Amino acid sequence: MNFVIKNGTLVTGRSMYRADLEVRDGKIVTIGQELDTTGKEIVDASGKYVLPGAIDMHTHMSDPFGGTVSSDSEFTGSRAAACGGVTMMFDFATQNHGMHLLDAIDSKRRQYEGNACIDYSLHCIVTDLLEDDSVLQEFPDVVAAGVNTFKCYTVYKKEGLMVGDEQMPKIMTAAAQAGGMMTLHAENAGMIDYLIERFRKEGKLSPWYHYESRSELVAAEADRRAIAMAMNFNVPLYIVHMDNKEGLLAAARARQEGYPIFVETCPHYLEFTCEVYKRPDAVKYVCSPPIKGEESRIALWHGIGDGAIDTVATDHCPFTLEEKNWGKDDFTKIPNGCGGIENRYPYMLSAAHDGRISYSKAVEVCCENPARIFGCADKGSLEIGKDADIVIYDPEKIVVGGKDTMHTACDHSIWDGYEYHGYPVQTYLRGRLVMDHGEYVGTPGEGQFIRRQPVHYKKQMV
Ligand code: URP
Ligand code: ZN
């Protein structure tokens, strides 16, 4: 628990530098050159980089969806996370219709108790405003309970998850007033329903038509609409899994004008294109929103480079191959979602290794920005006083994704066969070693629920 990491290169969102780092009682207590190690345990990080543990802001564990439940549990998902250098994850507390929000949060927290291998937080999914919109009055209590984000879906009507245009302004303004923020899955439900109906009549049901029914402008329209609403009410908005160029441009324009619009993307939108939906194993890649074309993929990488994208999360939501194959001849029956919780930090660090981005950028979008945006005061950076959530990274280690190297409970991954250049070799959670050279060595249940601070974002003068 108390030790000094010596001879490593520390990576922050701004720079990389040689320094030693001392951990005591789960906190980073000293950073400096040639720290005195008398009587202290030493972790030798010669030739290695010392990074903050990553935060994954978007995961679905044990999530009932698409006629089944996502394959990773709170235990297997958080264990896989630890093995991929993640020390804090966000899952969702979904409000079933008629339910109070704190009950949804308590219920999901109970699922993590005794199972969490890393620290965790929740976003509260709002699906029902209850009588006289009374659920909005619960928002301050939810923020006081440490959950400052209210997720909404503009889709999934038949699943009972969708909120309409008439509800969104109420939710986003109530969230902001309570010291929180709306996070949004944005696609145009009307266009999707119309296209699915049309494709069904035309007998076009292969996975390619999952993409065709939710293509670039289907997402961009909803992005633009939500951004316009947030601008109109001068409230913050966090758009999850941005996948398309036009939506990103709309967000970037609003930000240039000073509006607090935050943007997340995911590795599958950075790595693949919609061409995957023509492959024989296309079902594996079916997620919502689907992966878009090359122009969007390139725009997303630019967005990471120029700061238009704040964060990279995973939207981890895997289903077994058997479940995915339910819809090989009818894309509407494929449970939507792909895994990636263990792959995202290594993927972004591999991009840094290969020179596509800097290591500092990887740390910015996977650690520092998530902590700052979502009010995790003790997380996300190598600074004195922060939690000792630390990853030791070997820039020389090559790992190929697959059953032997990964820890998800799912039987396949879209990242199988991917070659990572450089890899996390140790993960410390508040100073406790939880992953050592690819092995989970922690104790399930040591992950804690993190109460996040209220956030107050307003338009900035530019
Ligand atoms: O395909 C996905 N992303 N499945 C999980 C549910 C959602 O839309 O976030
Ligand atoms: Zn999701």
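Our subject is the structure listed above.
Residues numbered from 1 in each chain as written. Chains lettered and ligands numbered in written order. Predicted model: local features only at pLDDT ≥ 70, side-chain atom pairs only at ≥ 80, totals over all residues. Heavy atoms only, no water.

Asker: Give me the site of ligand 1: which residues, what numbers.
Answerer: Lining the immediate environment of ligand 1, one finds 13 residues, of which Tyr156, His185, Ser288, Asp315 and Asn336 sit closest. Between ligand 1 and Asn336 there is a distance of 2.9 Å, counted from a nitrogen atom to a backbone nitrogen or oxygen. Here an oxygen atom of ligand 1 and a backbone polar atom of Gly337 are 3.2 Å apart. Summarising the interface, the protein chains cover 100% of the accessible area of ligand 1, which totals 260 Å² for the free molecule. With respect to the detected pockets, ligand 1 is housed in the second largest cavity. Of the residues assigned to the shell around ligand 1, the class counts are five nonpolar, six polar and two charged. (Near = heavy atom within 4 Å. Polar contact = N/O pair within 3.5 Å; in protein donor to acceptor, adjacent residues only side chain to side chain. Areas by Shrake-Rupley, 256 points an atom, 1.4 Å probe, with all protein chains shown as cover. 1 Å grid on protein atoms, 1.4 Å probe; cavity = no way out; pocket = protein on both sides within 12 Å on 5 of 7 lines; lining within 4 Å. Sits in = over half its atoms within 2 Å of the grid points. Nonpolar A, V, L, I, M, F, W, Y, C, P; charged D, E, K, R; others polar.)

Asker: Which residues make up the coordination of the zinc ion (ligand 2), and what are the values?
Answerer: Each protein donor to the zinc ion (ligand 2) is listed here as His58 (NE2), His60 (NE2) and Asp315 (OD); together their distances run 2.0 to 2.1 Å. In primary-sequence terms, the residues that donate to the zinc ion (ligand 2) follow H-x1-H-x254-D. One end of the pair, His60, is in the loop between strand S6 (54-56) and strand S7 (64-65); the other, Asp315, is in the loop between strand S15 (311-312) and helix H11 (321-325), and 255 residues separate them in sequence. According to the relative accessible area criterion, His60 is buried, its value standing at 5%. Relative accessible area serves as the criterion here: at 10%, Asp315 is assigned to the buried category. (Donors = N, O, S within 2.8 Å, 3.2 Å for Na, K, Ca; no water. Helix = DSSP H or I, 4+ residues; strand = E, 2+ residues; numbered from the N terminus. Buried < 20%, exposed > 50% of the residue type's maximum accessible area, 1.4 Å probe, protein only.)

Asker: Tell me about the environment of Glu187, residues and numbers included.
Answerer: Along the polypeptide, Glu187 turns up in the loop between strand S12 (181-185) and helix H5 (189-201). Judged by its relative accessible area of 0%, Glu187 is buried. It is 9.9 Å that separates the C-alpha atoms of Glu187 and Ala226, two residues lying 39 residues apart in sequence. Among the polar contacts listed, one links the side chain of Glu187 to the side chain of Arg214, at a separation of 2.9 Å.

Asker: I'd like a rundown of the pairing of strand S2 (residues 16-24), residues and numbers included.
Answerer: Across seven bridges, strand S1 (residues 3-11) lies against S2 in antiparallel orientation. From the neighbouring strand, Val11 faces S2, where its bridge partner is Met16. If you look at the hairpin formed by S1 and S2, you'll find four residues sitting between the two strands. As consecutive antiparallel partners, S2 and strand S3 (residues 27-32) are separated by two residues, and within that stretch Asp25 has a phi angle of approximately 50 degrees, a positive value. (Pairing = 2+ DSSP bridges.)

Asker: Help me get a handle on the sheet that holds strand S11 (residues 149-153), residues and values and all.
Answerer: An order of S6-S9-S10-S11-S12-S13-S14-S15 is seen for the eight strands of this open sheet, with the pairing classed as parallel. Across the chains shown, the open sheet's two edge strands, defined by having one partner strand only, are S6 and S15. As defined by bridge partners, strand S14 (residues 261-265) adjoins S15 across two bridges and the pair is classed as parallel. Among the inter-strand pairings, Thr265 is bridged to a residue of S15, identified as Val312. The strands touched by helix H2 (residues 101-112) within the sheet are strand S9 (86-94), strand S10 (119-125) and S11, with S9 carrying the most contacts at an inclination of about 135 degrees. (Contact = heavy atoms within 4.5 Å. Axes fitted to C-alpha atoms, helices over the stretch in contact; angles between N-to-C directions.)

Asker: Outline unusual backbone geometry, listing residues and values.
Answerer: A cis amide bond, omega -5 degrees, links Ser288 with the succeeding residue Pro289. Among the structural elements, Pro289 can be located in the loop between helix H9 (267-271) and helix H10 (294-306). A positive phi angle, near 50 degrees, is found at Asp25, a position not held by glycine. Looking at the secondary structure, you find Asp25 in the loop between S2 and S3. The backbone of Glu34 shows a phi angle near 45 degrees, a positive value even though the residue is not glycine. Assignment of secondary structure puts Glu34 in the loop between S3 and strand S4 (41-44).

Asker: Give me the lowdown on the pattern of salt bridges, citing residues and values where you can.
Answerer: With the rule as written, the count across this model stands at 33 salt bridges. The salt bridge partner of Glu74 is Lys108, with a shortest N-O separation of 2.9 Å. With Glu74 in helix H1 (residues 74-83) and Lys108 in helix H2, the pair connects residues that are 34 residues apart, well separated along the chain. The pair formed by Glu74 and Lys108 is uniform in burial state, with each residue classed as buried. For Lys170, the salt bridge is made with Asp133, and the minimal N-O distance between the two is 2.9 Å. Of this pair, Lys170 sits in helix H4 (residues 168-177) while Asp133 sits in the loop between S10 and helix H3 (139-144), and the two are 37 residues apart along the sequence. A cluster of three or more residues bridged by salt bridges with shared partners is formed by Lys27, Asp119, Asp378, Lys379, Asp387, Asp389 and Arg430. (Salt bridge = Lys/Arg side-chain N within 4 Å of Asp/Glu carboxyl O.)

Asker: Account for H2, with residues named and values stated.
Answerer: Helical geometry: 3.6 residues make up each α-helical turn, so side chains three or four residues apart lie on a common side. In a regular helix each residue adds 1.5 Å, so twelve residues correspond to 16 Å; H2 covers 17 Å between its end C-alpha atoms and thus fits that length. Looking only at H2, the buried set comprises Leu101, Ala104, Ile105, Lys108 and Tyr112. Projected down its long axis, H2 carries its buried residues within an arc of 95 degrees, all on one side. The secondary structure elements touched by the buried residues of H2 are H1, S9, S10, H3 and S11. Just downstream of H2 lies Gly114, where phi reads positive at about 80 degrees. (Expected span 1.5 Å × (residues − 1). Arc of directions from axis to C-beta.)

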